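Below, each chain spelled out in residue letters.
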Amino acid sequence: MRVDIEVARSADAQDLAQSLAAQGIKADVLTEPDRVTATADDVALVEHAVEEWTAERGLPFVPLHVDEQHVVLSPPGS
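About the thresholds
- Residues numbered from 1 in each chain as written.
- Predicted model: local features only at pLDDT ≥ 70, side-chain atom pairs only at ≥ 80, totals over all residues.
- Heavy atoms only, no water.
- Pairing = 2+ DSSP bridges.
- Helix = DSSP H or I, 4+ residues; strand = E, 2+ residues; numbered from the N terminus.
- Core = buried A, V, L, I, M, F, W, Y, C linked by side-chain atoms within 4.5 Å.
- Buried < 20%, exposed > 50% of the residue type's maximum accessible area, 1.4 Å probe, protein only.
- Contact = heavy atoms within 4.5 Å.

(A) Structural view of the pairing of strand β1 (residues 2-6). As paired strands, β1 and strand β3 (residues 35-39) are joined by five bridges and run antiparallel to one another. Across the sheet, the residue bridging to Glu-6 is Arg-35, located in β3. Bridge analysis of β1 against strand β5 (residues 70-74) gives three bridges, and the strand direction is parallel. The residue of β5 that forms the bridge with Glu-6 is Val-72.

(B) Up close: the nonpolar core. Of all hydrophobic cores here, the largest spans 21 residues; its most connected members are Ile-5, Leu-16, Leu-20, Val-36, Val-46 and Leu-73. Secondary-structure elements contributing two or more residues to this core are β1, α1 (13-22), β3, α2 (43-57) and β5. A per-element tally of this core places α2 first, with five residues. Once residues within four sequence positions are removed from consideration, Ile-5 is found in contact with Leu-16, Leu-20, Asp-34, Arg-35, Val-36, Ala-38, Val-46, Val-50, Val-71 and Leu-73.

Written out as structure tokens, the structure reads:
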């Protein structure tokens, strides 16, 4: 399953893609809008990996599940 992850800051896209790849999730950085496309069997696996990535880096963003193919990183309470 393909999941588009919209990143809040374009500078984070490459780091997120590398982190996902290190966990065995195929990930590509795309632009306009800045996003990472991840391919995995389960969207929950991708969401969990994104949550871990934001927590490890102390980033002020949370992944919001939009639908089965879209996750958006945004500030809490948005």
